[in-house]
Amino acid sequence: MPYPAFVWLIAILLGAAPLVYLSGRLAHNRPFHRRSVARWAAVVAFGVAWSPYLYALSALNSQGTVTFTLGVVSLRADGLSILLAGLVLVLGTLVTLFSAPSMAGESGESKYYAMIVALSGVMIGLGCAGDLFNLWLWFEAMAVSSYLLVAFYRDESASLEAGFKYLVQSAIGSVLVLLAIALVLAETGTLDLLEIHEATATMPGLSFLLAAGALFVVGFGVKVALVPLHTWLPDAHAQAPSGVSALLSGVVIEAGLVALLRALGSIAAVIGGGQGPLDWGILLLSFGLLNMIAGNLLALRQTQVKRMLAYSSLTHMGYMLVGIGVALHAGQVAGAEGGLFHLLSHGLMKGLAFLAAGALLYVLHSALGDHGPLTIAELGGAAQRYPLLALALSVALLGLGGLPPFVGFMSKWQILVAGVATQELWIVGVVIFAALNSVFSLAYYAPVVNVMYRSKTSPVVQAGASAPALLQAPLVLLIVGTVAGGVWPALVQGLTGPAATALLTAFSG
């Protein structure tokens, strides 16, 4: 049986993960350093994975959705799957390269690289799940593998506390999702996403499926960091290694959003109070608005850089939900393209922000044997000694704030235009509120940039170590991507267009 390219993509990453770990362990007492073996094995794994991804992208453009079935397990690669997979590969590859200096000599370094590869494969598998049970299995695997990375510094109490909070809340969310799946199975007699969608379109009285939808929102909402289910996020981001923080904010919560949309799309025909299909778009819009205002207010009072970036992720998840909510409510592709464009742009910008902050944390603290957090005040005059690191963080923050010519401006602009195009007054009000929240976010982004470009350097910057080249190379690539996506947004149209179409198809009646 010939296997589609996207199946090879998943298999390569999942199969490489134990090999990455074993290569590092077997090289423990060899003349060469085990960290070099594990790291470069991970780099090779990602390098090999890019080939089937490009084939899968080509197959999507020529054939549309590709389905693979093995027994009762079905995997489907559509536009949404390929968009998520591309973001996973970009950040996974760059995080692996970035981690070389900062993770050198750490206990469990081989495990770190192996889990980065495994987490990447699991997230791509989640995006391709064709039935609810396997969607849940991929979701559980993502939770477990990311937990091991969140609690990587197991000798530090704060890291263990963050990991425990993340594990408990993820477990509760997973149980709720499993209950929702049981309700859907009891009502429809199937777990296949397409068959569920067809069955619910002809069924009256779907109260059990309404309950299942609520459980899906809460269960997956934990990983998506929907307010008020977000409390694990700031601690996990702050205590995890910086490369892991980039993955958590840049792609893990986005993978959770994809899982939520897959589940809700399967029961999109559920009858609401108005005796018609429930308007899931309004629900997502409501959460989007709540996430925006809560994220901005919580980020505004932070003094630690990584915690500020973590809380800002709540706001950016709000923009994605607004764009997607507008699309589902109005049935127009532009809103979905805008929301998914922001999913992609947020992954690039937040990945850049966390890696830049991680580089500064390394040169100002970790390289000197200090494991304390990086505060905004410590960045005074950082641009004078670390111009590239300061530039990278500045580009990321200004892009997240929605300023041109960065990709964050273009994705937010597309959401705004899509909302106005609906010609519904209340939706126009929603997107204007979103635009005002973008301006408000500069209240905590701009001061960080201002601090770094002060003429007087802080004592911490003066005593800092030099920045290794491998720490800076991924930042350059992400800077280029952040600027290129803003100047030429058509570059990503080949990803966001098919993804938006797949999303609207899943929710169509």
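Each residue is numbered by its place in its chain's sequence as written, counting from 1. Restriction of local features to residues with pLDDT of at least 70 applies here, the model being predicted, together with a cutoff of 80 or more for giving and counting side-chain atom pairs; totals for whole chains, interfaces and linings are based on all residues. No hydrogens and no water enter the side-chain calculation; it runs on all heavy atoms of the structure.

**Overview of the nonpolar core**
And step 1. Core analysis: the biggest nonpolar cluster contains 168 residues, and Phe6, Phe216 and Leu379 have the highest contact counts within it.
And step 2. Contact between two residues is taken to exist if any of their heavy atoms lie within 4.5 Å; hydrogens are not considered. Other than its neighbours up to four places away in sequence, Phe6 contacts Ala56, Val66, Phe68, Leu75, Arg76, Ala77 and Cys128.
And step 3. Counting 10 residues, the second-largest nonpolar core is a separate cluster that includes Leu285, Val322, Val326 and Val430. What is meant by a nonpolar core is a set of buried Ala, Val, Leu, Ile, Met, Phe, Trp, Tyr and Cys residues, joined one to another through side-chain atoms within 4.5 Å. Buried residues are those whose accessible area, probed at 1.4 Å on protein chains only, stays under 20% of the maximum for their type, while exposed residues exceed 50% and partly exposed ones sit between those limits.

**As for the pairing of strand β1 (residues 66-70)**
And step 1. Two strands pair if DSSP finds at least two bridges between them. The secondary structure listing takes helices from DSSP runs of H or I that are at least 4 residues long and strands from runs of E that are at least 2 residues long, numbered from the N terminus. In this sheet, strand β2 (residues 73-77) lies alongside β1 in antiparallel orientation, the contact comprising five bridges. Each bridged residue has a counterpart across the sheet, and for Thr69 the counterpart in β2 is Ser74.

**Re the pattern of salt bridges**
Oppositely charged side chains may form a pair once their charged atoms are brought near each other.
And step 1. Note on definitions: salt bridges are taken to be side-chain nitrogens of Lys or Arg within 4 Å of carboxyl oxygens of Asp or Glu. Within this structure, the stated rule accounts for four salt bridges.
And step 2. A salt bridge links Asp78 to Arg262; the nearest nitrogen and oxygen atoms lie 2.8 Å apart. Of this pair, Asp78 sits in the loop between β2 and α3 (79-103) while Arg262 sits in helix α10 (residues 242-266), placing them 184 residues apart in sequence. For the pair formed by Asp78 and Arg262, the shared burial category is buried.
And step 3. Of the charged contacts, one joins Asp235 and Arg307 as a salt bridge, the two residues approaching to 2.9 Å between their closest N and O atoms. Taken as a pair, Asp235 in helix α9 (residues 233-239) and Arg307 in helix α12 (residues 305-330) lie far apart in primary sequence, 72 residues in all.

**Details of the packing of aromatic side chains**
Centre-to-centre distance and the angle between the planes together describe a pair of aromatic rings.
And step 1. Pairing of aromatic rings covers Phe, Tyr and the six-membered ring of Trp, with a centre-to-centre limit of 6.5 Å; geometry is then stacked below 30 degrees between planes, edge-to-face above 60, and tilted otherwise. What the rule picks out here adds up to 12 aromatic pairs.
And step 2. Consider the rings of Tyr444 and Tyr445, whose centres lie 4.7 Å apart with planes at 55 degrees: the pair is tilted.
And step 3. Relative accessible area serves as the criterion here: at 4%, Tyr444 is assigned to the buried category.
And step 4. Here the aromatic residues Tyr112, Tyr113, Phe152 and Tyr153 are joined through ring pairs into a cluster of three or more.

**Here's the deal with the pairing of β2**
And step 1. With four of its five residues buried, β2 lies for the most part within the structure.
And step 2. The loop that links β1 with its antiparallel partner β2 comprises two residues; one of these, Gly71, has a positive phi angle of about 65 degrees.

**Some words on the packing of helix α11 (residues 280-300) against α12**
And step 1. Axis lines are fitted to C-alpha atoms, over the contacting stretch for helices. Their N-to-C directions set the angle, which ranges from 0 to 180 degrees. One can describe the packing of α11 onto α12 by two numbers: an axis separation of 7 Å at closest approach and a directional angle of 160 degrees. In this view, α11 runs roughly antiparallel relative to α12, as classed from their interaxial angle. α12 is crossed by α11, and the crossing has left-handed handedness.
And step 2. Residues belonging to the contact of α11 with α12 are distributed by class as follows: 18 nonpolar, 10 polar and no charged. With respect to orientation, any angle under 35 degrees is reported as roughly parallel, any angle over 145 as roughly antiparallel, any angle of 65 to 115 as roughly perpendicular, and every other angle as oblique. Helix crossings fall into two classes, left-handed where the near helix is turned counterclockwise from the far one by less than a right angle and right-handed where it is turned clockwise. Note on residue classes: Ala, Val, Leu, Ile, Met, Phe, Trp, Tyr, Cys and Pro are nonpolar, Asp, Glu, Lys and Arg are charged, and everything else, Gly too, is polar.

**Thoughts on the packing of α3 against helix α13 (residues 333-364)**
And step 1. It is at 11 Å that the axes of α3 and α13 come closest, and there the two elements cross at 5 degrees. As far as their axial angle goes, α13 and α3 are roughly parallel. Only Leu340, Leu343, Leu344, Gly347, Leu348, Gly351, Leu355, Gly358, Ala359 and Tyr362 of α13 make contact with α3, whose side of the interface consists of Leu80, Leu83, Leu87, Val90, Leu91, Val95, Phe98, Pro101 and Ser102.
And step 2. The residue inventory of the contact of α3 with α13, partitioned by class, reads 15 nonpolar, four polar and no charged.

**A few points about the confidence of the model for the chain**
And step 1. On average, residues of the chain score 89 in pLDDT, and 95% of them are at 70 or above.
And step 2. Confidence, read as mean pLDDT per element, is least for α9 in the chain (84) and greatest for helix α15 (residues 387-400) (96).
And step 3. Ignoring residues within four places in sequence, the model shows residues 31-35, a span with pLDDT below 50, making 11 contacts including any to other chains. The predictor attaches a confidence to each residue, and that confidence, scored 0 to 100, is pLDDT.

**With respect to the side chain of Lys306**
And step 1. With respect to the element layout, Lys306 can be found in helix α12.
And step 2. Here a polar contact is recorded for every N or O atom pair within 3.5 Å, except that within protein the pair must consist of a potential hydrogen donor and a potential acceptor, and residues adjacent in sequence are included only if both atoms are side-chain atoms. For Lys306, the side chain forms a polar contact with the side chain of Ser245, separated by 3.4 Å.
And step 3. Beyond its immediate stretch of four places on either side in the chain, Lys306 contacts His237, Ala238, Ala240, Pro241, Ser242, Ser245, Phe354 and Leu361.

**Looking at helix α7 (residues 193-200)**
And step 1. Every buried residue of α7 is listed here: Leu193, Ile196, His197, Ala199 and Thr200. The buried residues of α7 all sit within an arc of 165 degrees when viewed along its axis, so they share a single face.
And step 2. Those residues of α7 that are buried are in contact with β2, α5 (132-150), α6 (157-188), α8 (207-224), α10 and α20 (493-507).
And step 3. Between a side-chain oxygen at the N-terminus of α7 and the backbone nitrogen of Leu194 the separation is 3.0 Å; the capping residue is Asp192. Relevant arc is that of directions from the helix axis to the C-beta atoms, nothing else.

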